[in-house]
Amino acid sequence: MSAFSVKFLAPNSFLSPITNISATRLYANPSQTAVPAPPQAPEEITAERLEPRVEKKGGYFVLKEKFRQGINPQEKVKIAAEPMKLFMENGIEDLAKIPFEEIDKSKDTKDDVDVRLKWLGLFHRRKHQYGRFMMRLKLPNGVTTSAQTRYLASVIKQYGEQGCADVTTRQNWQIRGVTLSDVPSILKGLDEVGLTSLQSGMDNVRNPVGNPLAGIDPYEIVDTRPYTNLLSQFITANSRGNPEFTNLPRKWNVCVIGSHDLYEHPHINDLAYMPATKNGRFGFNLLVGGFFSPKRCAEAIPLDAWVPAEDVVPVCGAILEAYRDLGTRGNRQKTRMMWLIDELGVEGFRSEVVKRMPEQALERASSEDLVDPKWERRDMFGVNPQKQEGLSFVGLHIPVGRIQADDMDELARLADQYGSGELRLTVEQNIIIPNIENSKVKALLDEPLLKEKFLPEPPILMKGLVACTGNQFCGQAIIETKVRALKVTEEVGRLVSVTRPVRMHWTGCPNTCGQVQVADIGFMGCMTRDGNGKVVEGADVYLGGRIGSDSHLGEIYKKGVPCKDLVPVVVDILVEKFGAVSREREEGEE
């Protein structure tokens, strides 16, 4: 298949020095985060239903004429003009020359800036920053260099108050304030520092997530970086654009698990690689179908499939092709991959994946799961020893993931001066500086940035705080999230004390970019009425989300709480559910 054009590493080169597999405890339990499979597909699934809905024309996949009834508006935009031509055929050069006031006069160019540019990672902030864009990068495994960080800082710096950067919940950079006329030069600059924004939005594969401690953790199972890098290279054809996978029915998430901590959140990904051995070979069991949406949230389920390390990319391609070919394209709330799995049944979907494997074969799952289900998940803050003797990594708290240009420059300097010029981003929106000589740790901790802004040991309630963009920039967000999340957490922290971190996630709307369903306490933005009947910003409060090997999605605890009333609600939850103690009571006992 032409899609499989990435050169594979030799099998042994996938495994950096890791925990000795032969000495690792093996568990015969089902793959981690498994939930019962949905009912098997009805017998009436016909050959006609299994006909691919797309065909290749002019180098790009398009929806066949016979399947265009009842499709959603986004599919119509893709049919009207191929989004990837803006990149692969340099359409962005011409588009960037059009005065922005002229853009909206043509439906085609308006669709370009509002929809098709998302294939280049550019999101027009029409509602709150008209004429400006958020740009989302590809950053496999969350690994970034000081040179890349400096370049991104230089881009946002030119936009003044409009410019800033965010660490995302997929270990990624997003930069804000970008103007269309600057995009061609920014894309060239990204390429020069080894970055790309290609295929990071809309109906594409999102940033491949891996263990943020890959290669440096004494307890890791496998270094995930070779896999996430290969997946990213494959999906984007080494940043040149890969039209094999740019016309999916919806977005698609992938992660590779490298540690017992499950930092990568496998249960909420469309495809998760769970490390497992089989007959003395190292490889991965596969979980499929995890996703969030306003109408449904589903945990990933076992595909009953195991692949050796060298088949990580081919099986990803086969799964993507099955989804591309057979996924429905009507109601956008019912087009994620799990809907297709529900329709075909796990075995039916699996058989379609097998058909698309290079050898049309796929082994059944292994019982030798390498993830320890009893492992207590570690946080990554502060100073921690690496597997490399004499080196440590330092985890820094980035309040709700927001960073300004000067602070990015300073982080790059610290990475160069104290480490190896590398930074690691986490899905909790924080940053790790790895490879620090132990003799330099104290000097790093004394740096003003670590004393004043990005604390290695933040207050306990701040440790698990996550927030999406909110309505400061995002047109879909109902409420402001980042500033409010910090303020509510600070106020709660003054009222009660807890003995362990409590993960609190904020999301501005039901699209749940802030992943509230995996939080101990989640806040989903809504409009509600206060005690006087006035319509105000509020939040639906979720409770009970768990991560790790006993993962579980949280459920609604209380709907429509006005934001101004959240502090006492959170205090009550912390006291009743998490053993918090009133500060007044604590001080009295002392």
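What you are looking at is a predicted structure, and each value in this text was computed from that prediction instead of being measured.

> In this structure, what is going on with the overall build of the chain? I would like to understand it.
Within the chain one finds 17 helices and 26 strands. For the chain, the C-alpha radius of gyration of 24 Å lies close to 25 Å, the compact-globule estimate for 590 residues. Across its three principal axes, the chain shows a C-alpha extent of roughly 75 × 65 × 50 Å. Across the 590 residues in the chain, those meeting the buried criterion constitute 60%. Across the chain, the 74 positively charged side chains and the 78 negatively charged ones have centroids separated by 4 Å.

> Please explain the side chain of Asn-269 as it appears in this structure.
Along the chain, Asn-269 turns up in the loop between β8 (254-256) and β9 (271-278). Judged by its relative accessible area of 1%, Asn-269 is buried. One polar contact links Asn-269 to Arg-170, side chain to side chain, over a distance of 3.0 Å. In this structure, Asn-269 is in contact with Arg-170, Asn-253, Val-254, Cys-255, Glu-264, Val-288, Gly-289, Gly-290 and Ala-300, ignoring residues within four places of it in sequence.

> Got a minute to help me understand the layout of surface pockets in this structure?
Any empty space left between atoms is shown by rolling a water-sized probe over those atoms. By volume, the second largest pocket amounts to about 750 Å³. Considering the residues around the second largest pocket, the lining is formed by 33 residues, among which Arg-377, Pro-501, Arg-503, Asp-520 and Ile-547 are closest to the centre. Those elements giving two or more residues to the lining of the second largest pocket turn out to be β16 (391-396) and β19 (431-437).

> When you look at the UniProt feature "domain: Nitrite/sulphite reductase 4Fe-4S" (unreviewed entry) in the chain in this model, what are you seeing that I'm missing?
The UniProt entry lists residues 202-359 and 465-574 under the feature "domain: Nitrite/sulphite reductase 4Fe-4S" (unreviewed entry), expressed in the numbering used here. Split by type, residues 202-359 is 29% helix and 20% strand. Its first and last C-alpha atoms lie 31 Å apart.

> Would you mind going over the sheet that holds β19 with me for this structure?
Backbone hydrogen bonds hold the strands of a sheet together, and the pairing may be parallel or antiparallel. A sheet is described by the order of its strands in space; here five strands give the open sequence β5-β18-β19-β16-β15, paired in antiparallel fashion. With one partner strand each, in any of the chains shown, β5 (143-145) and β15 (382-385) form the two edges of the open sheet. Neighbour-to-neighbour, the strand axes of this sheet turn through a mean angle of 30°, independent of strand direction. Inspection of the sheet shows β16 paired to β19 by five bridges, in the antiparallel sense. The partner of Val-394 across the bridge, within β19, is Ile-433. The strands touched by helix α12 (residues 405-418) within the sheet are β16, β18 (422-425) and β19, with β19 carrying the most contacts at an inclination of about 25°.

About the criteria used
- Residues numbered from 1 in each chain as written.
- Predicted model: local features only at pLDDT ≥ 70, side-chain atom pairs only at ≥ 80, totals over all residues.
- Heavy atoms only, no water.
- Helix = DSSP H or I, 4+ residues; strand = E, 2+ residues; numbered from the N terminus.
- Rg over C-alpha atoms; globule rule 2.2 N^0.38 Å.
- Buried < 20%, exposed > 50% of the residue type's maximum accessible area, 1.4 Å probe, protein only.
- Lys, Arg positive; Asp, Glu negative; His and termini not counted.
- Charge placed at Lys NZ, Arg CZ, Asp CG, Glu CD.
- Polar contact = N/O pair within 3.5 Å; in protein donor to acceptor, adjacent residues only side chain to side chain.
- Contact = heavy atoms within 4.5 Å.
- 1 Å grid on protein atoms, 1.4 Å probe; cavity = no way out; pocket = protein on both sides within 12 Å on 5 of 7 lines; lining within 4 Å.
- Points joined across faces, edges and corners; volume = space filled by probe spheres on them.
- UniProt positions renumbered as here; feature names shortened; annotations may be inferred.
- Pairing = 2+ DSSP bridges.
- Axes fitted to C-alpha atoms, helices over the stretch in contact; angles between N-to-C directions.

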